[in-house]
Amino acid sequence: MGERELEICNRVLASVGDRAEAIVQVSTGRHALTRFANSFIHQNVAEDSTEVSLTAVVQGRLATASSTDTSDRGIGRLAEGTVTAAGLRPPDPHWPGLAAPGETAEVDHWDQATWAASPVERAAVVRAFVDAGPGTGAAGFCSTDAVITGLANSAGLSQTGRATVAQLDALARTGTSDGLGAEMSRSLGDLDGGRAGATAAQKARASADPVELDPGHYEVVLEPACVASMLDFLARAGFNAKAHAEGQSFVHLGEAQFDASVNLWSDASDPRTLGVGFDGEGTPRRRLDLVRDGVTVALAHDRRSAAQAGTRSTGHFSGDHAAGPMPTNLFLGSGTQSVDALVGAVERGLLVTDFWYIRFLDPKTQVVTGLTRNGLFLIEGGRVTSAVRNLRFTQSFVGALGPGRVLGLGDDGRLATGDLGALYGWFHHVPTLRLAAWNFTGGAKG
Amino acid sequence: MFDVATAAVEGALAAGARYADARVMTTRTEGMRAQNQVVESLRQDESAGVGVRALIGSSWGFFATPCLDNASARAAGAEAADVARASAMVAGPALELAPVTPAQADWSSAWEEHPLQIPLEAKADLLVGVTRASQDAGASLAGASYAVWDTERWFVSSEDARISQRIVECGAYMEAIAVGDSETQRRSYPGVLGQYGTRGWELVRELDLEGNAVRIAEEAQALLRAPQCPAGTTDLVLGSAQMALQIHESVGHAIELDRILGWEAGLAGTSWLELARLGELRFGSEVMNITADATLPGALGSFGYDDEGTPAQCTDIVRDGRWVGVLSGRDSAALAGVAAGGTVRGDGYSRLPMVRMTNVGMLPGTSSLDEMIAATEDGVYMDTNRSWSIDDKRLNFQFGCEIGWEIKGGVLGRMLRNPTYTGIGPQFWASMDLVGNETERRFWGTPHCGKGQPVQTGHTGHPAVPARFRNVRVGVRG
């Protein structure tokens with residue numbers, strides 16, 4: 001596994017020679033996505049991919065380039081162009097140097113059958129989803145992704161990794177409502193189109209003919225897709241050590257910024273998560289506790305931010321030093337309460353299935369605006385009493401999780417993608433949350 | 001490269017496709033970003049490959065490979081046909097493609113200075129220099145970046161279309177961030193995420209980053225001390241940069257025919273527009289006129305032919321406030337009973353072409369910005385987007401701007417921080433009563449439009465002018 005990719009890495013390093021320090025990553029993959037809407041497959045794509053990425057460093061001047069061409073000529077051009085570009089730019093005073101050979105990541109989130117999955121297998125999952133919701137329309141996708149990667153640098157580091165991801169994320173739709181059914185795993189065989197379709201259809205039917213509700217502060221029960229969205233933003237702009245050094249992060253290390261029930265960590269090696277076990281600088285993504293019993297205890301680092309802070313990389317190079325590091329494979333510790341118990345404890349509040357189109361008003365305060373989607377329900381006296389039309393919120397994510405604000409954590413922790421994760425391929429393992437208050441600032445009337 | 005694309009099409013036809021097309025694409029990109037006088041990233045990427053579409057019955061399949069030999073291309077065509085056959089397991093209604101005269105053509109955008117031929121040292125000096133100026137003027141964080149794309153495509157279809165195109169695009173961005181105790185304030189130039197076009201490096205020179213670095217640093221600091229934008233309902237004047245974003249989000253996406261047909265429901269959402277009301281539905285006030293014009297020289301959403309071989313065209317979208325047009329491709333147009341709009345584009349060889357915005361923009365009115373402000377007794381002037389969010393039918397939006405000023409008695413007053421406004425699309429557009437004139441018009445371009453699964457990044461243009469809106473809710477805060 002990864003021998004071909006490492007062989008290409010070594011050809012690139014040889015082509016660079018002693019002209020520069022270099023780090024090379026070669027990824028090959030099979031990616032396929034079957035997309036459906038109005039209960040039929042309307043887009044169905046597949047690709048074989050190859051990418052060679054080279055960072056060359058000449059006396060602290062670095063340039064990164066990539067190519068899809070693995071021929072000797074293509075590799076020669078890549079090496080020549082990257083070394084030349086590096087030499088033409090100003091030095092980076094914060095260049096931390098290459099990672100030395102060391103411990104490798106023992107992570108293998110891989111399923112051979114998913115790597116080999118056919119379009120017929122994906123269509124069968126879609127067929128089952130569609131059939132599980134008679135009387136509703138279906139829209140969404142079923143995808144399989146497989147990547148094999150090799151990484152090597154001129155300091156002697158050499159690693160390989162591989163990962164598969166299978167995902168079903170789809171809606172059942174009535175004329176007035178949508179319901180979400182989503183599953184993800186390393187194995188396509190784990191996805192049950194019928195189960196997800198039934199969940200989506202049940203939710204869509206329950207949220208049909210929603211009522212208007214006035215904006216205001218409501219207690220909320222947030223399902224995992226919502227919680228994953230919150231972690232997207234906390235990770236991207238909060239636990240990012242570069243953003244923190246710049247004064248743009250909410251993080252105050254050592255302070256109880258969250259409710260005492262909140263425990264948050266990153267761990268690519270956990271069998272419940274997905275992806276490759278090292279970052280693009282070659283650093284293993286080991287467990288990193290970010291919040292322990294409500295106290296913010298750590299930041300995610302890449303090698304550049306770590307060097308500036310006088311610490312070690314945590315393996316969270318995002319692929320772009322300008323964007324800074326970002327923790328991946330997040331886990332929010334689950335609780336012991338069932339979702340029914342969380343709902344049952346709410347006197348008057350809202351059950352939220354999903355969020356949509358969240359954007360920062362200010363990253364430092366983590367105030368965002370966004371909307372609910374795919375199922376919003378009024379809870380009265382511990383019971384769901386009606387469906388509600390989607391609402392807009394303007395809310396600080398940190399504030400919502402602050403001391404005393406988390407009233408319950410579900411026992412239903414699972415992998416979920418959030419609003420940004422759906423665009424960038426991030427996923428987190430999260431439970432349903434019950435929160436004391438959420439600031440809804442608008443509805444269908446504005 | 002035409003032979004490779006032809007082999008892909010032949011492979012699909014031999015495997016049973018009744019229609020096929022293929023694009024060989026090579027893409028060279030370059031980007032650099034500096035912050036506080038340090039170049040933090042320099043990337044140069046090249047990709048090359050072929051993507052082929054196959055239609056069997058009413059079902060599509062698509063396959064892409066980076067291998068650019070004829071045998072691999074032919075195999076990719078066969079794979080696309082296999083994928084189409086699998087699609088037929090959950091097949092849709094009968095499908096014909098809207099007719100397009102097959103073209104044999106070569107097309108290229110125009111540039112004076114090819115941006116990849118500008119020395120890297122000069123580009124780095126520009127970015128480092130403007131961040132130095134901004135930092136010296138007090139910015140906590142001064143950032144600057146540029147991006148370049150040079151894309152060549154060779155398109156072949158089973159209807160004998162044969163089109164080559166080359167499009168060169170570039171642009172730049174600069175920001176100054178002031179970090180306060182409890183919040184940050186940002187000023188961007190020339191607009192949020194920058195300004196880009198289908199032009200050469202002369203576009204970046206015209207932006208005059210150097211001449212604006214100090215101003216944005218000073219404004220960012222002033223915003224930390226400025227009063228909050230008051231909450232309430234008032235008249236709102238938007239600058240052209242913010243209007244570009246407003247048009248993009250609440251008009252451009254809403255008029256995509258694939259959304260209207262429900263094809264994007266799973267991720268991007270649908271549209272409040274009902275096809276049955278095309279031609280009679282009121283979108284906004286009578287001074288609202290919107291076109292989608294892919295023929296504007298230099299604008300970011302311009303090209304010669306789309307990725308289905310349909311010629312670029314100018315389409316009326318909103319005329320005198322009435323909704324009259326959509327953005328469409330050959331399959332969506334046929335289902336809707338309209339002519340193919342020529343707006344289908346793919347983000348690289350490995351992505352399925354889909355309906356994208358071209359240059360969706362507002363036609364000029366009669367007012368200057370100064371006249372709008374002078375005509376406003378009580379209101380707020382806002383510009384440069386800071387946050388944007390809109391619902392999945394493109395109705396309920398809330399946008400935040402970087403900067404605002406109160407308007408009292410027809411005169412600009414205090415600077416306001418954290419200005420936001422919110423509304424419902426057709427009500428908001430119906431409240432527009434003053435539209436900027438030709439001299440206020442700018443061809444804004446944004447290369448960051450996400451759509452589709454797998455997600456694709458589209459390059460869209462938005463000719464925009466300032467405008468005034470009456471009785472808008474402003475000052476929403478968390």
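Bear in mind that the values here come from a model prediction, so they are computed numbers and not experimental data.

Topic: the overall build of chain A
Check the secondary structure of chain A and you find 11 helices and 19 strands. Rg of the C-alpha trace for chain A: 23 Å, near the compact-globule value of 22 Å for 446 residues, within the 12% margin. Projecting the C-alpha coordinates of chain A onto the three principal axes gives extents of approximately 70 × 50 × 40 Å. Relative to its 446 residues, chain A shows a buried fraction of 64%. For chain A, contacts bridging at least 24 residues in sequence account for 72% of all contacts bridging at least 6. Of the roughly 15100 Å² that chain A leaves accessible, carbon and sulfur atoms contribute 49%. Once the 38 positive and 49 negative side-chain charges of chain A are each reduced to a mean point, those two points are 3 Å apart.

Some words on the pattern of salt bridges
The tally for this structure, following the rule as stated, stands at 54 salt bridges over all chains. B:Glu264 is paired through a salt bridge with A:Arg35; the nearest N and O atoms lie 2.8 Å apart. Pair noted here: B:Glu264 is in the loop between helix 7 (257-260) and strand 10 (290-293) and A:Arg35 is in strand 1 (residues 21-37), and the two residues belong to different chains. Residue B:Glu264 shares its accessibility class with A:Arg35, and that shared class is buried. One network of salt bridges, in which partners are shared, links A:Asp92, A:Lys242, A:Glu246, A:Arg304 and B:Glu40.

Focus: the interface of chain A and chain B
Facing 79 residues of chain A, the contacting portion of chain B comprises 80 residues. The junction of chain A with chain B conceals about 6400 Å² of combined surface from both sides, 53% of it contributed by carbon and sulfur atoms. Viewed at the interface, chain B and chain A are joined by seven salt bridges. In this structure, the salt-bridge partner of A:Arg77 is B:Glu46, at a minimum N-O distance of 3.1 Å. Where chain A packs against chain B, one counts 39 residue pairs in polar contact (both at pLDDT 80 or more). It is strand 2 (residues 40-58) of chain A that contributes the most residues to the side of chain A that touches chain B, 11 residues altogether. Its residues assigned to classes, the side of chain A that touches chain B comprises 33 nonpolar, 27 polar and 19 charged.

Things to note about the sheet that holds strand 11 (residues 314-319) of chain B
All names here are of chain B. As summarised here, the arrangement of the four strands in space is 12-11-10-15, forming an open sheet in which the pairing is antiparallel. Edge strands, defined here as strands with exactly one partner in the open sheet, are strand 12 (322-323) and strand 15 (360-362). Docked against the sheet, helix 6 (residues 240-252) engages strand 10 and strand 15, running at close to 120° with respect to strand 15.

Looking at the side chain of B:Asp392
Tracing the backbone through its elements, the reader meets B:Asp392 in the loop between strand 16 (378-390) and strand 17 (396-408). We classify B:Asp392 as buried; its relative accessible area is 13%. Side chain to side chain, B:Asp392 and A:Arg373 meet in a polar contact 2.9 Å long. Ignoring anything within four residues of it in the chain, the contact list for B:Asp392 reads A:Asp178, A:Trp356, A:Arg373, B:Arg259, B:Ala268, B:Gly269, B:Thr270 and B:Ser271.

Let's talk about the sheet that holds strand 11 (residues 330-332) of chain A
Two pairing modes exist for strands in a sheet, parallel and antiparallel, and in both the strands are linked by backbone hydrogen bonds. Residue and element names in this part refer to chain A. Taken together, six strands build an open sheet; the order of strands is 10-9-8-11-18-17 and the sheet is mixed. Each edge of the sheet is formed by a strand with only one pairing partner; in this case those strands are strand 10 (295-296) and strand 17 (414-416). Two elements, strand 11 and strand 18 (residues 428-430), share two bridges in a ladder whose sense is parallel. Residue pairing in the sheet places Leu-330 in a bridge with His-428 of strand 18. Docked against the sheet, helix 6 (residues 224-238) engages strand 8 (264-266), strand 11, strand 17 and strand 18, running at close to 130° with respect to strand 18.

Observations concerning the pairing of strand 5 (residues 158-173) of chain A
All names here are of chain A. Burial analysis of strand 5 places 14 of its 16 residues in the buried class, which makes it a mostly covered element. If you look at the hairpin formed by strand 4 (residues 137-153) and strand 5, you'll find four residues sitting between the two strands, and Gly-156 has a positive phi there, around 100°. Both strand 5 and strand 6 (residues 178-185) contribute to a ladder of eight bridges, which runs antiparallel. Bridging across to strand 6, Ala-166 finds its partner in Ser-185. Here strand 5 hands over to strand 6 after four residues, the two strands then running antiparallel side by side.

A word on the domain arrangement of chain B
Reports often express the size of an interface as the amount of accessible area lost when the parts come together. Residues and elements named next belong to chain B. Each assigned domain of chain B is listed here: domain 1 (2-225) and domain 2 (232-474). When each unit is reduced to the centre of its C-alpha atoms, the spacing between domain 1 and domain 2 is 21 Å. Contacts between the two partners involve 53 residues from domain 1, matched on the other side by 45 residues from domain 2. There are seven salt bridges connecting domain 1 and domain 2. A salt bridge links Glu-308 to Arg-53; the nearest nitrogen and oxygen atoms lie 3.0 Å apart. Per-element accounting of the side of domain 1 that touches domain 2 gives the leading share, six residues, to strand 2 (residues 38-56). A breakdown of the residues in the side of domain 1 that touches domain 2 according to their chemical character gives 29 nonpolar, 13 polar and 11 charged.

So, the domain arrangement of chain A
All names here are of chain A. Here the domain parsing of chain A yields domain 1 (3-204) and domain 2 (210-446). Distance from the C-alpha centre of domain 1 to the C-alpha centre of domain 2: 24 Å. At the junction of the two partners, domain 1 supplies 35 residues and domain 2 supplies 33 residues. In this assembly, domain 1 packs against domain 2 so that about 2600 Å² is buried in total across both faces, 61% of it on carbon and sulfur atoms. When the buried area of domain 1 at its contact with domain 2 is split by residue, His-109, Met-184 and Lys-203 rank highest and sum to 23% of it. Linking domain 1 with domain 2 are 10 residue pairs in polar contact (both at pLDDT 80 or more). Those elements giving two or more residues to the side of domain 1 that touches domain 2 turn out to be strand 1, strand 4, strand 5 and strand 6. Here the side of domain 1 that touches domain 2 gets 10 residues from one element, more than from any other, and that element is strand 5. Taken together, the residues that form the side of domain 1 that touches domain 2 break down as 15 nonpolar, 13 polar and seven charged.

Analysis parameters
- Residues numbered from 1 in each chain as written.
- Chains lettered and ligands numbered in written order.
- Predicted model: local features only at pLDDT ≥ 70, side-chain atom pairs only at ≥ 80, totals over all residues.
- Heavy atoms only, no water.
- Helix = DSSP H or I, 4+ residues; strand = E, 2+ residues; numbered from the N terminus.
- Rg over C-alpha atoms; globule rule 2.2 N^0.38 Å.
- Buried < 20%, exposed > 50% of the residue type's maximum accessible area, 1.4 Å probe, protein only.
- Contact = heavy atoms within 4.5 Å.
- Areas by Shrake-Rupley, 256 points an atom, 1.4 Å probe, with all protein chains shown as cover.
- Lys, Arg positive; Asp, Glu negative; His and termini not counted.
- Charge placed at Lys NZ, Arg CZ, Asp CG, Glu CD.
- Salt bridge = Lys/Arg side-chain N within 4 Å of Asp/Glu carboxyl O.
- Buried area = accessible area lost by both parts, 1.4 Å probe.
- Polar contact = N/O pair within 3.5 Å; in protein donor to acceptor, adjacent residues only side chain to side chain.
- Nonpolar A, V, L, I, M, F, W, Y, C, P; charged D, E, K, R; others polar.
- Pairing = 2+ DSSP bridges.
- Axes fitted to C-alpha atoms, helices over the stretch in contact; angles between N-to-C directions.
- Domains from an automatic or database assignment.

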